[in-house]
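Overview (structure and organization)
Residues per chain are reported as follows:
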Amino acid sequence: MISESLTIGGRAVTKWLRNPFAVVAALIQATFWLVLFGNSFNPANAFASSPLGGGSLGFFQQAFGGAPNYITFLTPGVIAIVSLTTMSFMGVDTVLDRMSGYLDMLSTYPIPRTSIYFGAILQNVAKAMATAMVTFLLAFFVPNGLRLAPGFNAIDLVGVLTTFALLSLVFSALFSGIAISVKSTDSFFAVVNFLALPIWFISTALFPISFFPGWMKPFAQANPISLASEATRLLIVKGSLTGVQASSVTGDIVGLLLYGVVFGALGILMARNALKAR
Amino acid sequence: MSKIIEAEGLTKVFPPSTKAVDGISFSVDEGEIFGFLGPNGAGKTTTMRILSTLSSITAGTATVAGHDVRSSPGAVRQSIGVVPQEITLDSELKGMENLMLSAKLQHVPKQEALQRAKELLQLVELDGASDRRVRTYSGGMKRRLQLITALVHRPQVLFLDEPTSGLDVQTRTRIWEYLKQLNREGLTVFMTTHYLEEADQLSHRVAIMDHGAIKVSGTPSELKDRLHGDVLTLEFVDGAGDLTALLEKIENVAEVVRKGEEYRLKLPKVETAMPGILSAVTAGGLKIKQMSLTKPTMDQVFLEVTGRSMRDAEEPQANGSGSYGALYAEAKTR
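The present account deals with the structure reproduced in this document. (Residues numbered from 1 in each chain as written. Chains lettered and ligands numbered in written order. Predicted model: local features only at pLDDT ≥ 70, side-chain atom pairs only at ≥ 80, totals over all residues. Heavy atoms only, no water.)

**Here we look at the overall build of chain B**
Rules: Strands here are runs of E lasting at least two residues and helices are runs of H or I lasting at least four, both read from the DSSP assignment and numbered beginning at the N terminus. Exposure is judged per residue with a 1.4 Å probe applied to protein chains only, and the accessible area is read against the type maximum: over 50% gives exposed, under 20% gives buried, and values in between give partly exposed. Whether two residues touch is decided by their heavy atoms; if any such pair falls within 4.5 Å, the residues are in contact.
In terms of helices and strands, chain B carries twelve helices and 14 strands. Its C-alpha atoms give chain B principal-axis dimensions of about 75 × 45 × 35 Å. Across the 334 residues that make up chain B, the buried fraction comes to 53%. Within chain B, contacts between residues at least 6 apart in sequence are counted, and of these 69% link residues at least 24 apart.

**Observations concerning the pairing of strand 13 (residues 262–267) of chain B**
Residue and element names in this part refer to chain B. The condition is simple: For two strands to be treated as a pair, DSSP must find at least two bridges joining them.
With five of six residues buried, strand 13 is to be regarded as a mostly interior element. Bridge count for strand 11 (residues 230–236) against strand 13 is six bridges, and the pairing is antiparallel. What sits directly across from Asp230, in strand 13, is Leu267. When strand 12 (residues 255–259) meets strand 13, the two strands line up antiparallel, connected through five bridges. Counterpart to Val257 in the pairing with strand 13 is Arg264.

**Here's the deal with the packing of aromatic side chains**
To keep it simple, the criterion reads: Two rings belonging to Phe, Tyr or Trp (six-membered ring only in the last case) form a pair when the distance between their centres is within 6.5 Å. Interplanar angles under 30 degrees mark stacking, angles over 60 mark edge-to-face geometry, and anything in between is tilted. Two conditions define a charge sitting above a ring: the NZ of Lys or the CZ of Arg must be within 6 Å of the ring centre, and it must be within 35 degrees of the ring normal.
As enumerated under the stated definition, the model contains 26 aromatic pairs over all chains in all. Their ring planes at 70° and their centres at 5.0 Å tell us that Trp33(A) and Phe37(A) sit as a pair that is edge-to-face. One end of the pair is Trp33(A) and the other is Phe37(A), both in helix 2 (residues 20–40) and four residues apart, which spans about a single turn. When its relative accessible area of 14% is taken as the criterion, Trp33(A) is described as buried. Their ring planes at 10° and their centres at 5.8 Å tell us that Phe207(A) and Phe211(A) sit as a pair that is stacked. Its guanidinium or amino end placed over the ring of Tyr102(A), Arg11(A) lies 3.8 Å from that ring's centre, counting from NZ or CZ. Stacked on the ring of Tyr195(B), the Lys or Arg Arg172(B) has its end atom at 3.8 Å from the ring centre.

**Comments concerning the layout of surface pockets**
Empty space among the atoms becomes apparent when a probe as large as a water molecule is rolled across them. Selection rule: Cavity: a set of points on a 1 Å grid over the protein atoms alone where a 1.4 Å probe fits but cannot get out. Pocket: an open set with protein on both sides within 12 Å along at least five of seven lines, its lining residues, like those of a cavity, having an atom within 4 Å of a point. Grid points are joined across faces, edges and corners, and a volume is the space filled by probe spheres set on the points. Residues are grouped as follows: Ala, Val, Leu, Ile, Met, Phe, Trp, Tyr, Cys and Pro are nonpolar; Asp, Glu, Lys and Arg are charged; every other residue, Gly included, is polar.
Of the voids in this model, the largest pocket is the one considered here, and its volume is about 560 Å³. Lining the largest pocket we find 26 residues, and of these Gly101(A), Asp104(A), Arg49(B), Leu54(B) and Ser55(B) sit closest to its centre. Elements with a minimum of two residues in the lining of the largest pocket: helix 6 (102–107) and helix 12 (243–275) of chain A together with helix 1 (44–51) of chain B. It is helix 6 of chain A that provides the largest number of residues to the lining of the largest pocket, a total of four residues. Broken down by class, the residue content of the lining of the largest pocket amounts to ten nonpolar, seven polar and nine charged. Taken as a whole, the second largest pocket spans an internal volume of roughly 420 Å³. What lines the second largest pocket is a set of 19 residues, and nearest its centre among them are Trp16(A), Ala22(A), Phe89(A), Met90(A) and Asp93(A). Looking at the lining of the second largest pocket, the elements that each hand over two or more residues are helix 1 (2–18), helix 2 and helix 5 (70–99) of chain A. With seven residues, helix 5 of chain A is the largest single contributor of residues to the lining of the second largest pocket.

**Points about a nonpolar patch on the surface**
As a reminder of what qualifies: Without a salt bridge and with relative accessible area above 30%, a residue can belong to a patch; like charges are then joined within 9 Å and nonpolar side chains (Val, Leu, Ile, Met, Phe, Trp, Tyr) within 5 Å. Areas reported as accessible are Shrake-Rupley estimates using a 1.4 Å probe. Residue values count occlusion only from the protein chains shown. In what follows, salt bridge is the name for a side-chain nitrogen of Lys or Arg lying within 4 Å of a carboxyl oxygen of Asp or Glu.
Residues Met1(A), Ile2(A), Leu6(A) and Leu122(A) make up a contiguous nonpolar surface patch of roughly 400 Å² in combined accessible area. Of note, Leu122(A) is situated in helix 7 (residues 114–141).

**Let's talk about the packing of helix 2 of chain A against helix 7 of chain A**
All names here are of chain A. Test applied: Angles here are taken between N-to-C directions and fall from 0 to 180 degrees, while the axes themselves are lines fitted to C-alpha atoms, restricted in helices to the stretch in contact. Each crossing gets its handedness from the near helix: less than a right angle anticlockwise from the far helix is left-handed, clockwise is right-handed.
Relative orientation of the contacting elements helix 2 and helix 7 amounts to 35°, with a least axis distance of 10 Å. Crossing geometry of helix 2 relative to helix 7 is assigned as right-handed. Contacts between helix 2 and helix 7 involve Ala26, Leu27, Ala30, Thr31 and Leu34 on the former and, on the latter, Thr131, Val134, Thr135, Leu138 and Ala139. For the contact of helix 2 with helix 7, the residue count by class is seven nonpolar, three polar and no charged.

Okay, structure coming up:
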């Protein structure tokens, strides 16, 4: 099962790397978010120039979890959004594999059919992780870019990477299940559009939880994008976490794991159903 | 010879009520090339999808290499190679990489897979292109590579769905040669086709399928023998009058159909009929403008058993079968 999943996933990753357009497109998207949105929307400027903010960063930092600037706050959110869009785009490959008869052909091989689903997840996580790490590095180099907490250490870095990996796993489990089940790219995009925008908007990817009205808060807090963004933010803004902060990050990671398990179970059911002889 | 594929009352109904395969029974011997011939929509591909474990069975049974398709699909999958109608290669991967990917998913040890891949690449004359990405291949090259990706694990049975549809004549002939070579090495081939010529040239036995049922099966020559002979077309110089009665009297002429100055004679045995015809023509002082002899083809067999010519024959068949078909059509309406 594992070796077959790796083989199927590896094939897709090789394909992705050989067609660098997709890689470049994902990175351009991340750059636009950081450079253009990060600087235009920048609430730190808005607060500083309004009577409310009193001309200082204090008010912004209070609202934005102590971030030294907006892009530091935004980077985890951008990675989460790019992960979401990468996943939804990458799912198309699976739909195309189905339409071209490739999934049928895989189904005539003596391999467990769920390895086709796991292969899809693996490749997507690999792609999303690659994109996430480059985006993370990129964020240091944009104007008013990412500034890590002075205490940021190796454990914090591991925490950040784990969070990214889990988030991409969550989305990949979900979208690969959908991609394997639908019969055309049209219906896949319809489902993706229906899901992706609410997941994105009801999240703390772009602004803090305090901005949401009361009725939206529970949804925003439970959103996997928020879990990943909050955990990563604590790690990069504070560094060398205190016990309370560490348990908050652990809580977020456990939440992501739960999502992964639920979506994974759902995806296995969908894949089994979609790939069974009928 | 042992039977490697056996189907008994095989039925497939697509909900709500489309009967794609209607209770067919047939068997394929080990080492045979078995051709499933029929127009698009006849149920050939559905039958093949059932045998290759991609479609479920509504009723009946099927075994492949001794394994029941329904109860042990995993064992069936280990014994078969499948070449679908469409190209399912990875265009961003190189030729060799595609082969090795397939080998890996078939659990072939790497060294063995490399060896086998090299042999197969040589067989289909792609050894010079194995390092190129499939994206750069021509249609024929892709089809050849697709064929051998189904063979790296040395399957007992190869399923081929329309192996040469849309290919030019040269490529088609080459693919036939490869298949004959593989078959000589012991591979059993189950093939669907809607090319009459392909079924004729390649198959040891053919089953003609139409509307989900097998209309007739046998060796190509058995099927052609059913037509009882060849057809001689004679065209006389104008003004000869009606010669039908005269021609019908000749010994060993089974049937005469007139169309203007053209007569089509059905001859069970050409050798014995010809002298009679020639002497009758000479005796009558008749002048022949044109004459041609047509051997029976699978096309006519198809027409005979289904009552119509291939709906979607993509190429005009050689040796004048068009007019031959008309003879039968006319004969039937009389």
